Amino acid sequence: MAEPDPRILVEITDAPLDPAPLVRFAESDEMGAVVTFSGNVRNHNRGRRVEYLEYDCYRPMAERELRAIADEAVWRWDCRVAVQHRLGRLEIGEPSVLVVAACAHRGDAFAACRYVIDSLKDRVPIWKREVWEGGEVWIEGEGDAPVRAQDA
């Protein structure tokens, strides 16, 4: 089995996310630009007031796909990438995902960061349950799964 790429940090965690350690990981003397993305839980979606979100996944598969995406970004933009996704219950305002990309130049850093988050949303099997007063739904990509009213 190949050694892990030292330019990549991938983690799925139950702990609250903090961008500072990811930025420290990605920074280096060769990297003139560091771009950070934080995906935070918002209080609304599709006309509903969101109370909280819950995330779940099959960790080995999700981590493997996250690492593949980071590998692609490192190869394409010659960068360092750190990405974390949180599982469990998240309250409004909490970050659910962090992506940090560091490259020699800002254009590449922005492109790498965007590639990682967009690919994560498309490819990584992480499931999101959105809860609001009177109901909940599992979000599947850009669409909802069937709505289930609570206590119906």
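Here is a short report on the structure shown in this document. None of these values were measured; they are calculated from a predicted model. Every chain is numbered independently, its residues counted from 1 as its sequence is written. Local features are withheld for residues below a pLDDT of 70 in this predicted model, meaning they are given only at 70 or higher, and side-chain atom pairs are given and counted only at 80 or more; totals for whole chains, interfaces and linings count all residues. Derived side-chain values reflect all non-hydrogen atoms in the structure, with water molecules and hydrogen atoms excluded from consideration.

Next up on the list: the overall build of the protein. Across its full length, the protein holds three helices and 10 strands. Here a helix means four or more residues in a row that DSSP labels H or I, a strand means two or more in a row labelled E, and each is numbered from the N terminus. The order of α-helices and β-strands along the protein, N terminus first, is β-α-β-β-β-α-β-β-β-α-β-β-β. Here the protein has a C-alpha radius of gyration of 16 Å; the compact-globule value for 152 residues is 15 Å, and the two agree. Each of the three principal axes of the protein carries a C-alpha extent, and together these read 55 × 30 × 25 Å. Counting across all 152 residues of the protein, residues that qualify as buried make up 44%. Here the protein displays about 8,800 Å² of accessible surface, and carbon together with sulfur accounts for 49% of that area. Only four residue types enter the charge count, namely Lys and Arg as positive and Asp and Glu as negative; His and the chain termini do not. A charge is said to be at NZ when it belongs to Lys, at CZ for Arg, at CG for Asp and at CD for Glu. Taking the average place of the 20 positive charges on the side chains of the protein and the average place of its 28 negative ones, the gap between the two points comes to 3 Å. We take the radius of gyration over the C-alpha atoms and set the globule estimate at 2.2 Å times the residue count to the 0.38 power. Burial classes: relative accessible area under 20% of the type maximum marks a residue as buried, over 50% as exposed, and values in between as partly exposed (1.4 Å probe, protein chains only). In this description, accessible areas are obtained by the Shrake-Rupley approach with a 1.4 Å probe, and a residue is regarded as covered only by the protein chains that are shown.

Moving on: the pattern of salt bridges. Between side chains of opposite charge, pairing is possible as soon as their charged atoms come close. Salt bridge, as applied in this entry: a Lys or Arg side-chain nitrogen positioned within 4 Å of an Asp or Glu carboxyl oxygen. Tallying each qualifying case throughout the model produces 11 salt bridges. We note a salt bridge from arginine 7 to aspartate 78, for which the minimum N-O separation is 3.9 Å. Separated by 71 residues along the polypeptide, arginine 7 in the segment before strand S1 (8-13) and aspartate 78 in the loop between helix H2 (59-77) and strand S5 (80-86) bring together distant segments of the chain. With a closest N to O distance of 3.3 Å, glutamate 130 and arginine 48 form a salt bridge. Residue glutamate 130 is found in strand S8 (residues 126-132), and its partner arginine 48 is found in strand S4 (residues 48-57); the two are separated by 82 residues along the sequence. Across the pair, exposure class does not vary: glutamate 130 and arginine 48 are buried alike. One network of salt bridges, in which partners are shared, links Asp5, Arg7 and Asp78.

Moving on: helix H3 (residues 106-123). In an α-helix, one turn spans 3.6 residues; hence positions three or four apart end up facing the same way. By this rule, a helix spans an expected 1.5 Å times one less than how many residues it contains. Under the 1.5 Å per step criterion, the end-to-end length of H3 is 25 Å for 18 residues, consistent within 8% with the ideal 26 Å. Among all positions in H3, only Ala109, Ala112, Cys113, Val116, Ile117, Ser119 and Leu120 are buried. One side of H3 carries all its buried residues, which in axial view fall inside an arc of 165°. Exposed side chains of H3 directed beyond 90 degrees from the buried face belong to Phe110, Arg114, Lys121 and Asp122. Tucked into the core, H3 has its buried residues touching strand S2 (33-40), H2, S5 and strand S7 (95-103). Arc definition: it is the arc formed by the directions from the helix axis to the C-beta atoms. We call two residues in contact whenever any of their non-hydrogen atoms come within 4.5 Å of each other.

Another point: the packing of aromatic side chains. Aromatic pairing here means that ring centres of Phe, Tyr or Trp (its six-membered ring) are within 6.5 Å. Orientation follows from the plane angle: under 30 degrees is stacked, over 60 is edge-to-face, and everything else is tilted. In total, this model carries one aromatic pair according to the counting rule given. Centroid distance tryptophan 77 to tyrosine 115: 5.5 Å. Interplanar angle 55°. Geometry classified as tilted. Remark: tyrosine 115 occurs in helix H3 and tryptophan 77 occurs in helix H2; sequence separation between them is 38 residues. For tryptophan 77, a relative accessible area of 12% gives the class buried. The ring of phenylalanine 25 has arginine 80 sitting right over it, with the charged end atom 4.7 Å from the ring centre. Only when the NZ atom of a Lys or the CZ atom of an Arg is both within 6 Å of the ring centre and within 35 degrees of the ring normal do we say a charge sits over the ring. Here the guanidinium or amino end of arginine 89 rests over the ring plane of tyrosine 52, the centre of that ring lying 3.6 Å away.

The next subject is the environment of cysteine 113. For cysteine 113, the location among the structural elements is in helix H3. A sequence separation of 35 residues divides cysteine 113 from aspartate 78, and the C-alpha atoms of the two residues are 12 Å apart.

Relative to the helices and strands, serine 119 resides in helix H3. Among the residues examined, serine 119 registers a relative accessible area of 9% and is labelled buried. Setting aside residues no more than four positions away along its own chain, serine 119 makes contact with Ile69 and Val124.

To continue, consider the packing of H2 against H3. Comment: axis = line fitted to C-alpha atoms, over the contacting stretch for helices; angle = value between 0 and 180 degrees taken between N-to-C directions. Put simply, H2 and H3 touch, their axes get as near as 10 Å, and they point 155° apart. With respect to H3, the axis of H2 lies roughly antiparallel. For the element pair H2 and H3, the recorded crossing hand is right-handed. Between H2, through Glu65, Leu66, Ala68, Ile69, Glu72, Ala73, Arg76 and Trp77, and H3, the contact on the second element is made entirely by Asp108, Ala111, Ala112, Tyr115, Val116, Ser119, Leu120 and Arg123. Within the contact of H2 with H3, the residues separate by chemical class into 10 nonpolar, one polar and five charged. Roughly parallel means an angle under 35 degrees; roughly antiparallel means over 145; roughly perpendicular covers 65 to 115; every other angle is labelled oblique. For a crossing to be left-handed, the near helix must be turned anticlockwise from the far one by less than a right angle; the clockwise case is right-handed. All residues other than Ala, Val, Leu, Ile, Met, Phe, Trp, Tyr, Cys, Pro, Asp, Glu, Lys and Arg, Gly among them, are scored as polar; the first ten of these are nonpolar and the last four charged.

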